[in-house]
Each structure stands twice: as C-alpha cells, then as structure tokens.
Amino acid sequence: MEAKEQGRSARKRQAITEAATKAFMEQGYAGTSMDDIAKLAAVSKQTVYKHFADKEKLFAEIVLATADRIDGMIDLVTGIPADADTLEENLTRLACQFLNALTQPQVLQLRRLVIANADAFPGLGASWYEQGFERVLATLAATFERLTGHGLLRCDEPLLAANHFSGLLLWIPVNKAMFHGSPQHTEADLDHYAVTGVRAFLAAYRRPLPDTPQQTNP
C-alpha cells in the first residue's frame, strides 16, 4: 500500500513539474501562478504546495534539473581521440552534436527564461550556468589540453580555446534565436556552422605538421 502511495505521489510530482515547465516557458515566471500550474497538472493547489513550498522553489527545481542533461555532451567531449588524421572529422562531428543539442527550441526557451529572471534570481542563473554549460567548457578545455599534449593542438590557454570553439559555433544561431524569439536556423545552417567553425578553430589552434624535407637531385 505504501509503495502504491509513493508511486501516486511521484506521478503527481512529475505532472506538476511538466505543467510548470510548460507554463513558465509560455507565460514567463511572473505571468505564471500556482493556480495555473495546478490546473495544467490536473491537481489541487494544495497538492502543488505539498510538493513545492512556493513558486520560486518549483522554478529552481525545473531550471536546475535541465543541467543534468548536459552529461551526454560531456561524454562526447571526453571521447575525442588523439588522432591527427581524423582530428577535423572528429571535431566536426562533435560540433554538429553540440549545435543540435544547444539549439533545441526548449533549450533556447529555457535560456531566455533564465536570462529574463537573472536579476530576480542571480544565484539560480549562476548555478544553471555552472552546473551546465560551464561544465562542458571545462571538459572541452581539458580535452584541448590533452590534444595539445599529444602534439595535435597548440593551446596555451585551453579554457579560452574552449570558449573560442563554442563561440564560433553558437554565436550566430543562438543570438538570432534570442532576438527573434524562436530558432531561425535550418539543419543545413547548423551543418555549415559546424564545418566552418571547426575550420576556423583549427586555423588558429592546430599545430602545424613538421615540414617534410625536400629531396634534391644528386
């Protein structure tokens, strides 16, 4: 009986968080009430308060829960092999996955929502950045440092290189989405940003191959 009750409670909590996510995304933090969330979740307002003490705590849980989704991206970054012959190919594959993950409509909506409420909840915004994107940058920096150690890259400041890499990829599609209110890119655009971004990155950071001595005729 207790297990059944716990299962019912877990389902209600999930319904509340899903309803709150939808409401916050569509109406913003200020425009969403606990009554709105209760109606969307098909539960009573008392049930919402039973699981979450107030709207701020509910908002924080939803925002921070998304930071865990970055783990897959971190696994991709750490998996780049130290192979000179396939370096551009491997980085381009990573860049495509990077762009696809971080330009999803819901991710962009959440980014806009967090930024819009950064003044009201600066600690929450900082935590979301630190637990999410900053972890990716740190992992990317460690990977670039490893590739530098193998003689493939030349990164005196790996973290700065990681920021340059991500900036080359994300600057155009993310800024367009932020100002237009929705994604403005196509899949072909993302592929183009990935290929050209990696080429620009390698033009700056790839270690040149040793010159091959020219043979002279006797």
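Just above sits the structure.
Remember, it's a predicted structure, so these values are computed and weren't measured experimentally.

Undergrad: So, the packing of helix α6 (residues 87-102) against helix α9 (residues 133-149): which residues are in play, and what are the values?
TA: Two elements in contact, α6 and α9, have axes whose closest approach is 14 Å; the angle formed by their N-to-C orientations is 180°. Classed by the angle they form, the pair α6 and α9 counts as roughly antiparallel. Contacts from Leu 87, Leu 91, Leu 94, Phe 98 and Leu 102 in α6 reach Phe 133, Val 136, Leu 140, Phe 144 and Leu 147 in α9. When its residues are assigned to classes, the contact of α6 with α9 shows 10 nonpolar, no polar and no charged.

Undergrad: Can you lay out the packing of α6 against helix α11 (residues 187-205) for me, pointing to particular residues and giving the numbers?
TA: Across the interface, α6 lies against α11 with an axial gap of 9 Å and an inter-helix angle of 135°. The angle between α6 and α11 falls in the class oblique. Relative to α11, the crossing made by α6 is right-handed. Between α6 and α11, the contacting residues are Leu 87, Glu 88, Leu 91, Thr 92, Ala 95, Cys 96, Leu 99 and Asn 100 on the first element and Leu 190, Asp 191, Tyr 193, Ala 194, Val 195, Val 198, Arg 199, Phe 201 and Leu 202 on the second. Class assignment for the residues of the contact of α6 with α11 results in 12 nonpolar, 2 polar and 3 charged.

Undergrad: Tell me what's going on with unusual backbone geometry, and back it up with residues and numbers.
TA: In this structure, Ala 42 takes a positive phi of about 60° despite not being glycine. In this fold, Ala 42 is placed in the loop between α2 (34-41) and α3 (45-51).

Undergrad: Just give me the short version of the packing of aromatic side chains, but keep the residues and values in it.
TA: The tally for this structure, following the rule as stated, stands at 12 aromatic pairs. Members of the aromatic cluster, joined through ring pairs, are Phe 98, Tyr 129, Phe 133, Phe 144, Phe 165, Phe 201 and Tyr 205. If you follow Lys 55 out to its NZ or CZ, it ends over the ring of Tyr 29, 4.2 Å from the centre.

Undergrad: So what about the environment of Glu 187? Which residues, and what values?
TA: Positionally, Glu 187 belongs in helix α11. C-alpha of Glu 187 to C-alpha of Val 174: the two residues are 13 residues apart in sequence and 14 Å apart in space.

Undergrad: How would you summarise α11 if you had to cite specific residues and measurements?
TA: For α11, built from 19 residues, the straight-helix expectation of 27 Å at 1.5 Å per residue is met to within 8% by its first-to-last C-alpha distance of 27 Å. Along α11, the positions that sit buried rather than exposed are Leu 190, Tyr 193, Ala 194, Gly 197, Val 198, Phe 201, Leu 202 and Tyr 205. The arc that holds the buried residues of α11, viewed along the axis, is 150°, so those residues lie on one side. Exposed and facing more than 90 degrees away from the buried side of α11 are Ala 188, Arg 199 and Ala 203. Tucked inside the fold, the buried residues of α11 contact α6, α9 and α10 (158-180).

Undergrad: Pulling in residues and values, what's your account of the side chain of Lys 55?
TA: Position of Lys 55 among the secondary structure elements: in helix α4 (residues 55-65). Summary of buried charges: Lys 55 has no salt-bridge partner, and the nearest side chain of opposite charge, Asp 36, is 7.7 Å away. Ignoring anything within four residues of it in the chain, the contact list for Lys 55 reads Phe 24, Tyr 29, Ala 30, Thr 32 and Met 34.

Undergrad: With reference to specific residues and values, describe the nonpolar core.
TA: By size, the foremost hydrophobic cluster in this structure holds 37 residues, and its most contacted members are Leu 91, Phe 144, Leu 153, Phe 165 and Phe 201. Where this core is concerned, the elements lending two or more residues are α5 (71-78), α6, α9, α10 and α11. The biggest single contributor to this core is α6, with 8 residues. Phe 24, Tyr 29, Ala 41 and Leu 110 belong to the second-largest nonpolar core, a separate cluster that totals 24 residues.

Cut-offs applied
- Residues numbered from 1 in each chain as written.
- Predicted model: local features only at pLDDT ≥ 70, side-chain atom pairs only at ≥ 80, totals over all residues.
- Heavy atoms only, no water.
- Axes fitted to C-alpha atoms, helices over the stretch in contact; angles between N-to-C directions.
- Helix = DSSP H or I, 4+ residues; strand = E, 2+ residues; numbered from the N terminus.
- Parallel < 35°, antiparallel > 145°, perpendicular 65-115°, else oblique.
- Contact = heavy atoms within 4.5 Å.
- Nonpolar A, V, L, I, M, F, W, Y, C, P; charged D, E, K, R; others polar.
- Left-handed = near helix turned anticlockwise from the far one by under 90°.
- Phe/Tyr/Trp six-rings, centres within 6.5 Å; stacked < 30°, edge-to-face > 60°.
- Lys NZ or Arg CZ within 6 Å of the ring centre and 35° of its normal.
- Expected span 1.5 Å × (residues − 1).
- Buried < 20%, exposed > 50% of the residue type's maximum accessible area, 1.4 Å probe, protein only.
- Arc of directions from axis to C-beta.
- Lys, Arg positive; Asp, Glu negative; His and termini not counted.
- Salt bridge = Lys/Arg side-chain N within 4 Å of Asp/Glu carboxyl O.
- Core = buried A, V, L, I, M, F, W, Y, C linked by side-chain atoms within 4.5 Å.

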